[in-house]
Amino acid sequence: MNLTILGIESSCDDTSAAVIRDEYLLSNVMASQEVHRRYGGVVPELASRAHQQNILPVVSQALDQAGVTMDEVDALAFTRGPGLLGSLLVGTSFTKGLAVASGKPLIEVNHLQGHILSHFVKVPGAENRQPKFPFLCLLVSGGHTQIVRVDNHLDFEILGRTIDDAVGEAFDKCAKLMDLGYPGGPVVDRLAKEGDPKRFRFAKPNIPGLDYSFSGIKTSLLYFLRDQLKEDPDFLKNNMADLCASFQKDLIDILLKKLILAVKETGIREVALSGGVSANSGLRGRIEEEGRKRGWNTYLPALRFTTDNAAMIAITGYYRYQRGLFAPLDIAPISRSAEYGDR
Ligand code: KG4
Ligand code: ZN
């Protein structure tokens, strides 16, 4: 059919643009914002400003790398939300401006749907294994933790979700408590490889059904460190790898317990993992291991499609285009996912 979609993502601290033609990725350009590191977290005002600086060069680079001109683009897909309002405003306003200037239709994309559909981005020359419908997706990011039943590209049902912190937040807060910087997930992941995961145990939540909770385990780590540091000021320094390995293992246990329950309850054995935390090597290994043991078909995204990227926005735009789901030019971003009817 030859459908070409330009995707633009700006929901948090990465500015990204990608071009997709008939499900195949032609380019995926990313500008990460380093300015937040020294503050130990994303500073919304600085994020918006950096998006403003990055967005035009990132979009033109994505078109250049794809070898595509604006004339050849069929539609513009952008992240409408959820995310930081200021960041979303930059992407939304830019895409709307480009739509007016080029006369191309606009397509709004829910960032979380994008994470899930990242499994359908085809890379030329790669194996491109894709989950079959219906499948379960464990969506784990900095802002969300959900088990989603996916019936087709655009129809989903959230079966379980966190009632407080997201698992990515638990990684980031744990790293902050241990002075490991931001974002914490990748550092904890790296240190955990050298530690003993059975050395320490933290409080596990007891939440009914398929919902999650991660605030208790974070508090449990906080009190544990406070008590240990009173007796031994070097406790952190001398036990960092074991602490990371144990904390990470407990988080993975919590995630897996509900995922296994979801498979039992639905009878669906196609299981995919998505979102920033799906880059975690411990989690990837455990899902594959459980999958082998339990007869699931498991799908792990390529590392570059785990954290925020515009390829996932473009592919979602591709499916929405086929259903004629275009957005009006007066569309506004949505910051909180509750306004989308989920959380
Ligand atoms: O999907 P994402 O890029 O942004 C959101 O939509 O939130 O996810 C970011 C989250 C952060 O909390 C970060 O610490 C976590 O993903 N993350 C990881 C790893 N890489 C990124 N968590 C654990 N292990 C990793 N290797
Ligand atoms: Zn994300």
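Residues numbered from 1 in each chain as written. Chains lettered and ligands numbered in written order. Predicted model: local features only at pLDDT ≥ 70, side-chain atom pairs only at ≥ 80, totals over all residues. Heavy atoms only, no water.

Another point: the overall build of the protein chain. When its secondary structure is counted, the protein chain shows nine helices and 10 strands. Over its C-alpha atoms, taken along the principal directions, the protein chain stretches across nearly 65 × 45 × 40 Å. The burial tally for the protein chain puts 55% of its 343 residues in the buried class. Residue pairs at least 24 apart in sequence account for 74% of intrachain contacts in the protein chain once pairs closer than 6 positions are excluded. As displayed, the protein chain offers around 14,700 Å² of accessible surface, 50% of which is attributable to carbon and sulfur atoms. (Helix = DSSP H or I, 4+ residues; strand = E, 2+ residues; numbered from the N terminus. Buried < 20%, exposed > 50% of the residue type's maximum accessible area, 1.4 Å probe, protein only. Contact = heavy atoms within 4.5 Å. Areas by Shrake-Rupley, 256 points an atom, 1.4 Å probe, with all protein chains shown as cover.)

As far as domains go, the protein chain holds domain 1 (4–126 + 305–340) and domain 2 (135–301). Residue-level contacts link 22 residues of domain 1 with 26 residues of domain 2. Three residues, Ile116, His119 and Thr306, lead the burial of domain 1 against domain 2; their summed loss comes to 32% of the area buried on that side. Our enumeration of links across domain 1 and domain 2 arrives at one salt bridge. The partner of Arg323 in a salt bridge is Asp155, and the shortest N-O contact between them spans 3.3 Å. Scanning the region where domain 1 abuts domain 2 turns up seven residue pairs in polar contact (both at pLDDT 80 or more). Only helix H3 (111–117) and helix H9 (311–322) provide two or more residues apiece to the side of domain 1 that touches domain 2. Per element, the largest residue contribution to the side of domain 1 that touches domain 2 is five residues, and it comes from H3. Of the residues assigned to the side of domain 1 that touches domain 2, the class counts are nine nonpolar, nine polar and four charged. (Domains from an automatic or database assignment. Buried area = accessible area lost by both parts, 1.4 Å probe. Salt bridge = Lys/Arg side-chain N within 4 Å of Asp/Glu carboxyl O. Polar contact = N/O pair within 3.5 Å; in protein donor to acceptor, adjacent residues only side chain to side chain. Nonpolar A, V, L, I, M, F, W, Y, C, P; charged D, E, K, R; others polar.)

On to the coordination of the zinc ion (ligand 2), then. Tetrahedral coordination by four donors places them ideally at 109.5 degrees to one another around the metal; octahedral coordination by six donors ideally gives 90 or 180 degrees. Distances from the zinc ion (ligand 2) to its protein donors, His111 (NE2), His115 (NE2) and Asp308 (OD), fall at 2.0 to 2.1 Å. The sequence pattern formed by the donor residues of the zinc ion (ligand 2) is H-x3-H-x192-D. Placement of both His111 and His115 in helix H3 is noted, with a separation of four residues, approximately one turn of the helix. Residue classification places His111 among the buried positions, given a relative accessible area of 7%. Residue classification places His115 among the buried residues on the basis of a relative accessible area of 0%. (Donors = N, O, S within 2.8 Å, 3.2 Å for Na, K, Ca; no water.)

With that settled, the discussion passes to a nonpolar patch on the surface. A contiguous nonpolar surface patch, about 260 Å² in accessible area, is contributed by Leu177, Leu222 and Tyr223. Counting through the fold element by element, Leu222 comes out in helix H6 (residues 215–231). A residue is classified by how much of its surface remains accessible, and Leu222, at 38% relative accessible area, is partly exposed. (Patch = residues over 30% accessible without salt bridge, like charges linked within 9 Å, V, L, I, M, F, W, Y side chains within 5 Å.)

Ranked by size, the top nonpolar core spans 46 residues in total, and within it Leu138, Met178, Leu180, Phe214, Leu243 and Leu283 carry the most contacts. Counting residues per element, the ones that place at least two in this core are strand S6 (135–140), helix H4 (167–177), helix H5 (184–192), H6, helix H7 (235–266), strand S9 (270–274) and helix H8 (281–294). Ignoring any residue separated from it by four or fewer positions in sequence, one finds Phe214 in contact with Thr145, Thr162, Asp164, Asp165, Ala166, Val167, Ala170, Leu251, Ile254 and Leu255. Counting residues in each nonpolar core, the second largest holds 32 residues, with Leu25, Val121, Leu139 and Ile315 among its members. (Core = buried A, V, L, I, M, F, W, Y, C linked by side-chain atoms within 4.5 Å.)

Among the six residues in S6, six count as buried, and that is most of the element. Both faces of S6 are covered, namely the face carrying Phe135, Cys137 and Leu139 and the face carrying Leu136, Leu138 and Val140. Alignment of S6 against strand S7 (residues 145–152), held across six bridges, turns out to be antiparallel. By the bridge assignment for S7, Leu139 is matched with Gln146. Summarising the sheet, S6 and S9 pair through four bridges and their orientation is parallel. Its bridge partner lying in S9, Leu136 is registered against Val271. (Pairing = 2+ DSSP bridges.)

Moving on to the site of ligand 1. Lining the immediate environment of ligand 1, one finds 18 residues, of which Gly142, Asp172, Asp189, Gly276 and Asn280 sit closest. Separating an oxygen atom of ligand 1 from a backbone N or O atom of Gly143 is a distance of 3.3 Å. Where the shell around ligand 1 is concerned, the elements lending two or more residues are H3, H4 and H5. When the residues that make up the shell around ligand 1 are grouped by side-chain class, the tally is five nonpolar, 10 polar and three charged. When we break the shell around ligand 1 down by domain, the ones giving at least three residues each are domain 1 (4–126 + 305–340) and domain 2 (135–301). (Near = heavy atom within 4 Å.)

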